[in-house]
Amino acid sequence: MTMGGVTVHRLPALQDNYMWLVVDERLRAAVVVDPSEAAPVIAKVTELGVTLTAIWCTHHHHDHVGGNQEIVARWPNVAVIGSAHDGDARRIPAQTGRVSEGDLVPLGPQADGARVIAIPGHTLGHTAYLLGDRLFCGDTLFGGGCGRLFEGTPAMMVASLAKLRALPDDTLVHCGHEYTWHNARFAAETGIEPDNARRRESHARLAADPSQRTVPLRLGDEKATNPFLRWDTPGLAAWTGKRDPVEIFAELRARKDRWRA
Ligand SMILES: [Zn+2]
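Rules used in this analysis
- Residues numbered from 1 in each chain as written.
- Predicted model: local features only at pLDDT ≥ 70, side-chain atom pairs only at ≥ 80, totals over all residues.
- Heavy atoms only, no water.
- Donors = N, O, S within 2.8 Å, 3.2 Å for Na, K, Ca; no water.
- Tetrahedral: all angles 85-135°; square planar, octahedral: opposite > 155°, others 65-115°.
- Buried < 20%, exposed > 50% of the residue type's maximum accessible area, 1.4 Å probe, protein only.
- Salt bridge = Lys/Arg side-chain N within 4 Å of Asp/Glu carboxyl O.
- Helix = DSSP H or I, 4+ residues; strand = E, 2+ residues; numbered from the N terminus.
- Pairing = 2+ DSSP bridges.
- Arc of directions from axis to C-beta.
- Expected span 1.5 Å × (residues − 1).
- Contact = heavy atoms within 4.5 Å.
- Polar contact = N/O pair within 3.5 Å; in protein donor to acceptor, adjacent residues only side chain to side chain.

Honestly, the coordination of the zinc ion in this entry has me stumped. Any pointers?
Any two of four tetrahedral donors ideally make an angle of 109.5 degrees at the metal, while pairs among six octahedral donors ideally make 90 or 180 degrees. With distances of 2.2 to 2.3 Å, the protein atoms coordinating the zinc ion are H59 (NE2), H61 (ND1), H122 (NE2) and D139 (OD). For the zinc ion, the four donor atoms in the first shell make angles of 89 to 169 degrees at the metal, a pattern classed as irregular. When the donor residues of the zinc ion are listed from N- to C-terminus, their spacing reads H-x1-H-x60-H-x16-D. Exposure remark for H59: the relative accessible area of 0% places this residue in the buried category.

See the structure below:
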């Protein structure tokens with residue numbers, strides 16, 4: 001989709017990952033977010049005839065950085081951006097730039113920058129990039145779900161998700177996996193907020209074609225339907241039997257971890 005002179009290309013990778021190629025049409029400069037694999041990125045950049053200036057990494061997991069080395073081997077001037085935390089841990093391959101909350105990372109020379117939002121929880125170094133109304137949030141927020149807590153605490157994840165939830169409803173969520181159908185089934189089968197009409201509608205749409213790609217997602221829809229953004233609603237309090245928002249979230253996350261579709 002093209003908006004404000006920027007086009008975002010969705011590149012499916014591995015089993016269910018998404019890589020995002022962000023192109024500034026005026027400058028013909030591009031950035032790739034979370035290249036799991038190098039070959040599809042190199043092919044698309046070559047096909048479009050644009051200059052790849054940077055890799056933006058949301059976190060260090062292999063299915064998000066697996067293509068870094070090969071891309072840098074092909075284009076040595078590409079900057080590899082990741083959090084300062086992951087830079088200290090030396091766990092993002094070929095990382096050259098370290099960013100923290102509030103930093104601006106440019107799309108290319110003289111181009112607008114994306115704002116860095118620190119969202120620890122899935123990992124401690126997890127980072128989001130906000131470019132205009134486009135959010136690149138890796139494995140923190142998914143369609144109807146959120147990432148597992150591999151390194152952070154529930155309180156940390158709630159604080160991170162609260163930052164994302166505070167963004168405008170029209171924000172487009174570009175996450176790292178297509179998990180929407182799986183998460184919709186979890187909510188439906190475990191009876192979360194059975195009166196949530198908007199979730200029932202979206203679940204019915206997904207059920208009609210479980211193979212459809214749903215990302216990018218509209219943040220306003222996630223606020224209304226995603227249980228992992230609804231830790232302070234009566235419905236989630238009733239479902240978890242907890243009252244404290246962090247305990248509600250922690251219970252939801254724990255039950256999801258145990259659930260298998
Ligand atoms: Zn991950």
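Where do I start with the pattern of salt bridges in this structure?
Close approach of charged atoms lets side chains of opposite charge pair. Evaluation of the coordinates by the stated rule reveals 17 salt bridges. Of the charged contacts in the structure, one is a salt bridge between D86 and R91, with a shortest N-O distance of 2.7 Å. Overall, the relative accessible area of 0% leaves D86 in the buried class. D257 is the partner of R148 in a salt bridge, and the nearest nitrogen-oxygen pair spans 3.6 Å. Of this pair, R148 sits in the loop between β13 (145-146) and α5 (154-165) while D257 sits in helix α10 (residues 245-258); the two residues are 109 residues apart in sequence, bridging distant segments of the chain. Given a relative accessible area of 33%, R148 falls into the partly exposed group. In this structure D257 comes out as partly exposed when scored by relative accessible area, which is 27%.

Would you mind showing me how to read the sheet that holds strand β9 (residues 113-118) here?
Picture the strands of a sheet paired through backbone hydrogen bonds; they go either parallel or antiparallel. Strand order in the open sheet made by the six strands is β8-β9-β10-β11-β14-β15, with mixed pairing throughout. Single-partner strands in this sheet number two, and they are β8 (104-106) and β15 (217-218). The pairing of strand β14 (residues 172-175) with β15 spans two bridges and is antiparallel. Pairing of L172 across the sheet is with R218, part of β15.

Got a minute to help me understand helix α1 (residues 39-48) in this structure?
For the α-helix, the turn length of 3.6 residues means that residues three or four positions removed from each other point alike. Listing the buried residues of α1 in full gives V41, I42, K44 and V45. End-on view of α1: buried residues confined to an arc of 165 degrees, all on one side of the axis. Exposed positions of α1 whose direction lies more than 90 degrees from the buried face are A39 and E47. Looking one or two residues past α1, G49 carries a phi angle of roughly 70 degrees, positive in sign.

Please explain the environment of A254 as it appears in this structure.
As for its placement among the helices and strands, A254 is situated in helix α10. Separated by 29 residues in sequence, A254 and T225 place their C-alpha atoms 19 Å apart.

Explain α10 to me, please; I cannot follow it from the model alone.
For α10, with 14 residues, the first-to-last C-alpha span of 20 Å sits near the 20 Å given by 1.5 Å per residue. The set of residues buried in α10 consists of I248, F249, E251, L252, R253 and K256. Elements in contact with the buried residues of α10: β13, α5, α6 (180-189) and α9 (234-240). The N-capping residue of α10, defined by a side-chain oxygen 3.1 Å from the backbone nitrogen of V246, is D244.

So what exactly am I meant to see when it comes to unusual backbone geometry here?
A negative phi holds for most residues other than glycine; trans holds for most peptide bonds. Here the residue pair V215 and P216 is connected by a cis peptide bond, since its omega of 10 degrees sits within 30 degrees of zero. Examined against the element boundaries, P216 turns out to sit in the loop between α7 (197-208) and β15. A positive phi angle is found at D34, which is not glycine, with a value near 55 degrees. One non-glycine residue with positive phi stands out, namely E193, at about 40 degrees. In this structure E193 comes out as buried when scored by relative accessible area, which is 12%.

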